[in-house]
Every structure is written in structure tokens, then in C-alpha cells.
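This is what each chain is made of:
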Amino acid sequence: MASGDPERVDWARRLLGALKRSGRLARTAFQPVGAPVVDHNLTVNEGINSLLDVGFHGSPQITNWYVGVFKGNYTPVATVTAATIATAATEATEYDEPARVEWNEGAAASQSISNAANRATFTINATVTLYGAFLISSNQKNGTGGVLWSAARFASARPLVDDDELLITFQIAGQDV
């Protein structure tokens, strides 16, 4: 089909309409045990462009994604990228894991995919206040490579101390809007 083919254009428009710029991020901190708090994440421009390139332009699939956390009093914007998130949000590295924690997602169901069955766990090793989290294709702490999919600011800052565990679930949903 030619790129101007009305059927193809309509199909692409419907796909893009199904991509909302948000998802859900659930976090639980075991300080004592607390119920999960749900925050909404912003799917950034870089993530949407990557999805379109992989799905329609033949770019290689990204098979591993990682969760990072940030300690800056920062609100994510659509234009933040993998190259800028660590500095813009002041990425936190005060956890025992040697790299950003892998996002181990389950199979998609009901137009949604998440790591709810295998939450990303951060074992805190210092006193730190966290303001949010992000999903990225690079596992390097404070790294600037890869593709940033999304970022979320927690509804309230989360103060943590040595040996606290922070469990994060990222859910990505697509729906017709």
C-alpha cells in the first residue's frame, strides 16, 4: 500500500488513538507493610517514537526494559529522554542492586501488560526520599543510553531508610479513545 492509502492512514490513526500517554505505576514500600499506592505514568515522546519505529519501520525490538527511581523533586514531561532523565530527575542509586532493576512483564491481556506477578524490587541502602520512577531500556544506573518509555512522579514523596524495600509495578495499557 502507498503511504497515502486511506485504509492504511485510518488504521494508523486508530492505533495512535489507542495509545494513551498514561499507564499505572503501583508502588509498595515495606517499612512496615503498606498497601500499594497507584500513580499514573506519562508515556514520553521517545517511547512512542520507538514503538512506532519497531512496529512499522522495521527497527529492532527492544527485549529488555528496566525500572529506575529518582530522588529529584521533578515532574516528568513528554520531551524527557533516556539521555536526560538521570540528570533532569536526579536518578537515585541508593539501593543494593548493582543496576536498574529488570522489568519482568507477563503476557499482554485485555490490552494491558505489566510486571504485577514479578514486581521490580529495590533494597534501599541509605536514607533517601524518592519522588518517582521510570521505565527505560538501559540497565546502567545514571546511564544516558537506550530508550525511555515512561516516567511517573509519585503522588507523594516516599522517604526510605536502609534495608527498606520498594516494590514497583509498571502497567502499560492501550485502549481505544
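What counts as what
Residues numbered from 1 in each chain as written. Predicted model: local features only at pLDDT ≥ 70, side-chain atom pairs only at ≥ 80, totals over all residues. Heavy atoms only, no water. Buried < 20%, exposed > 50% of the residue type's maximum accessible area, 1.4 Å probe, protein only. Helix = DSSP H or I, 4+ residues; strand = E, 2+ residues; numbered from the N terminus. Pairing = 2+ DSSP bridges. Contact = heavy atoms within 4.5 Å. Core = buried A, V, L, I, M, F, W, Y, C linked by side-chain atoms within 4.5 Å. Expected span 1.5 Å × (residues − 1). Arc of directions from axis to C-beta. pLDDT = per-residue confidence, 0-100.

What follows covers the pairing of strand β3 (residues 66-70). Extensive coverage of β3 is indicated by the burial of five of its five residues. Of the two faces of β3, the one carrying Tyr66, Gly68 and Phe70 and the one carrying Val67 and Val69 are both buried. Note: β3 against strand β4 (residues 101-102), two bridges, orientation antiparallel. Paired with Tyr66 across the two strands is Glu102, which belongs to β4. Here β3 runs beside strand β7 (residues 128-136); their pairing, made up of five bridges, is antiparallel. Its bridge partner being in β7, Tyr66 is matched across the sheet by Ile136.

Our focus in this paragraph is the environment of Leu135. Relative to the helices and strands, Leu135 is located in strand β7. Apart from residues lying up to four places away in sequence, Leu135 is in contact with Trp65, Tyr66, Val67, Trp103, Val147, Leu148, Trp149, Ser150, Phe170 and Ile172.

Attention now goes to the nonpolar core. Val67, Val69, Phe122, Leu130, Leu135 and Ile168 are the most contacted members of the largest nonpolar core, which totals 22 residues. Those elements that place two or more of their residues in this core are β3, β6 (120-123), β7, β8 (148-160) and β9 (165-173). Excluding residues within four positions of it along the chain, Leu130 makes contact with Val69, Phe70, Lys71, Ala92, Ile124, Phe154, Ala157, Arg158, Leu160 and Leu166. By size, the runner-up hydrophobic cluster in this structure holds 13 residues, among which are Leu42, Tyr74, Ile136 and Ala151.

It is worth spelling out helix α2 (residues 45-56) at this point. Taking 1.5 Å of rise per residue, twelve residues should cover 16 Å, and α2 covers 16 Å from first to last C-alpha, within 8% of that figure. Within the sequence span of α2, burial applies to Gly47, Ile48 and Ser50. On an axial view of α2, the arc spanned by its buried residues comes to 160°, and they lie on one face. Of the surrounding elements, those touching the buried residues of α2 are β2 (37-43) and β8. Phi for Gly58, located one or two positions after α2, is positive at around 85°.

Turning next to the confidence of the model for the protein. Mean pLDDT over the protein stands at 85; residues scoring 70 or higher make up 79%. Per-residue pLDDT stays below 50 along residues 1-5; that stretch engages in six contacts with residues further than four places along the chain or on separate chains. Note that pLDDT drops below 50 for residues 8-22; the model gives that stretch 29 contacts with residues more than four away or on any other chain.

Its location among the elements puts Ala117 in the loop between β5 (112-114) and β6. The class of Ala117 is exposed, set by a relative accessible area of 87%. Along the backbone, Ala117 and Thr169 are 52 residues apart, and their C-alpha atoms lie at a distance of 8.7 Å.

Backbone geometry at Thr90 places phi at a positive 55°, although glycine is not the residue there. Examined against the element boundaries, Thr90 turns out to sit in the loop between α3 (82-88) and β4. If you check the backbone angles, Asn142 has positive phi at about 60° while not being a glycine. Within the element layout of this structure, Asn142 appears in the loop between β7 and β8.

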